[in-house]
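# Inside the fold
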Amino acid sequence: MAALKALQLPLSDESVRALSVGDSVRLSGVMLTGRDAVHKWMIETFIRKKRAPQGDDLETYAAIRPLLDGGAIYHCGPVVAGVAEQNYRFVAAGPTTSIREEPYQGEVMGFFNVKAVIGKGGMGKKTLAACRTVSGVYLHAVGGAASLIAQSVRRVLAVHKLDLGVPEAMWVIEVSDFPAVVTMDAHGNSLHAEVAAHSGNVLATLTTD
């Protein structure tokens, strides 16, 4: 069995291009969580500029911009203890199905120079194209292992957009040896597309017999 590749956030173009579909990795450093509401907010406020910044938007943007440059977005709606006391601790941190972010992800990667997107289930052609353009990867986290993954979260450094709710907020976390597998790489390869194509071929064979 191949050894896990240790990656330190933020990621360089060279370290990302050295990865291939099927590589097992362990991430350390600072990453951000972000699901539907956060992606929609980034797209509408700062990328497509459909709405003017309001409230703490500009302050949040200034805080997250340097963290996303070479950084990672984790599709995750965590279970967090200590919210009322602001003594935050991740109890569960399993991945969310990523395809919901397909309409936004490629633009977010390009605008913020995001190098790694983490989730489950894979993503589509737009995100795969962005992986080639920005030298990025999609990392598949283990579904059903929310408590185990939470153990890799060493500290919660900050939280933004908590008004969206705990699962939809943008949590800034420091992780150590966060486990994942490369399933879309910077060279245009997608394990998800390969599996879908193979399954389609098998299905075609079954229906013609």
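Residues numbered from 1 in each chain as written. Predicted model: local features only at pLDDT ≥ 70, side-chain atom pairs only at ≥ 80, totals over all residues. Heavy atoms only, no water.

### Remarks on the overall build of the protein chain
Secondary structure summary: the protein chain contains seven helices and nine strands in total. Taking 209 residues into account, the globule formula puts the C-alpha radius of gyration at 17 Å, and the protein chain, at 17 Å, falls close to it. Within the protein chain, the fraction of its 209 residues that count as buried is 44%. Pairs at least 24 apart in sequence give 63% of the contacts found in the protein chain among residues at least 6 apart. The distance from the centre of the 20 positive side-chain charges to the centre of the 20 negative ones in the protein chain is 2 Å. (Helix = DSSP H or I, 4+ residues; strand = E, 2+ residues; numbered from the N terminus. Rg over C-alpha atoms; globule rule 2.2 N^0.38 Å. Buried < 20%, exposed > 50% of the residue type's maximum accessible area, 1.4 Å probe, protein only. Contact = heavy atoms within 4.5 Å. Lys, Arg positive; Asp, Glu negative; His and termini not counted. Charge placed at Lys NZ, Arg CZ, Asp CG, Glu CD.)

### Looking at the confidence of the model for the protein chain
Chain-level pLDDT for the protein chain is 92 on average; 91% of the residues reach the 70-or-more range. Between residues 198–203, whose pLDDT stays under 50, and residues either more than four places distant or in other chains, the model counts zero contacts. (pLDDT = per-residue confidence, 0-100.)

### Focus: unusual backbone geometry
Cis geometry is found at the peptide bond from Leu9 to Pro10, where omega equals 0 degrees. Along the chain, the position of Pro10 falls in the loop between β1 (5–8) and α1 (13–17). Even without being glycine, Gln86 reaches a positive phi, approximately 60 degrees. Along the chain, Gln86 falls in the loop between β4 (79–81) and β5 (89–92).

### Points about the side chain of Lys115
Inspection of the secondary structure puts Lys115 in the loop between α4 (102–112) and β6 (116–119). Within the structure, the side chain of Lys115 is placed 2.4 Å from the backbone oxygen of Val134, a separation counted as a polar contact. (Polar contact = N/O pair within 3.5 Å; in protein donor to acceptor, adjacent residues only side chain to side chain.)

### Here's the deal with the packing of helix α2 (residues 36–47) against helix α3 (residues 57–68)
Viewed as axis vectors pointing N to C, α2 and α3 meet at an angle of 105 degrees, and their least axial separation amounts to 12 Å. Considering their axes alone, α2 and α3 lie roughly perpendicular with respect to each other. Counted together, Trp41, Met42, Thr45 and Phe46 of α2 and Asp57, Leu58, Thr60, Tyr61, Ile64 and Leu68 of α3 form the full contact between these two elements. Residues of the contact of α2 with α3, tallied by class, amount to seven nonpolar, two polar and one charged. (Axes fitted to C-alpha atoms, helices over the stretch in contact; angles between N-to-C directions. Parallel < 35°, antiparallel > 145°, perpendicular 65-115°, else oblique. Nonpolar A, V, L, I, M, F, W, Y, C, P; charged D, E, K, R; others polar.)

### Section: the packing of aromatic side chains
How two aromatic rings sit relative to each other is set out by the distance from centre to centre and by the angle between their planes. By the definition in use, this model includes seven aromatic pairs. Between Phe46 and Tyr61 the ring centres are 4.4 Å apart and the planes differ by 25 degrees, which places this aromatic pair in the stacked class. Remark: Tyr61 occurs in helix α3 and Phe46 occurs in helix α2; sequence separation between them is 15 residues. On the basis of relative accessibility, which here comes to 7%, the residue Phe46 falls in the buried class. Their ring planes at 75 degrees and their centres at 4.9 Å tell us that Phe111 and Phe112 sit as a pair that is edge-to-face. Taken together, the aromatic side chains of Trp41, Phe46, Tyr61, Phe111 and Phe112 make up a single cluster linked through ring pairs. When the ring centre of Phe111 is taken as origin, the NZ or CZ atom of Arg65, which lies over that ring, is 4.7 Å away. (Phe/Tyr/Trp six-rings, centres within 6.5 Å; stacked < 30°, edge-to-face > 60°. Lys NZ or Arg CZ within 6 Å of the ring centre and 35° of its normal.)

### Points about the state of the cysteines
Taken as a whole, this structure holds zero disulfides when the rule is applied. Here Cys131 stays unpaired: no disulfide links it, and the sulfur of Cys76, its closest cysteine neighbor, is 19 Å away. With relative accessibility at 1%, the residue Cys131 sits in the buried group. (Disulfide = S-S within 2.5 Å.)

### What to know about the pattern of salt bridges
Evaluated as defined, the whole model comprises twelve salt bridges. Put simply, Arg51, Asp56, Asp57 and Lys161 are held in one network by salt bridges that share partners. (Salt bridge = Lys/Arg side-chain N within 4 Å of Asp/Glu carboxyl O.)

### Structural notes on the pairing of strand β2 (residues 24–33)
Of all ten residues in β2, seven are buried; the element is thus mostly enclosed. Relative to β2, β1 runs parallel, the two sharing four bridges. Following the sheet pairing, Gln8 is matched in β2 by Ser28. Pairing analysis gives eight bridges linking β2 to strand β9 (residues 170–184), with the strands arranged antiparallel. Paired with Ser24 across the bridge in β9 is Val181. Relative to strand β3 (residues 72–74), β2 runs parallel, the two being bridged by two bridges. (Pairing = 2+ DSSP bridges.)

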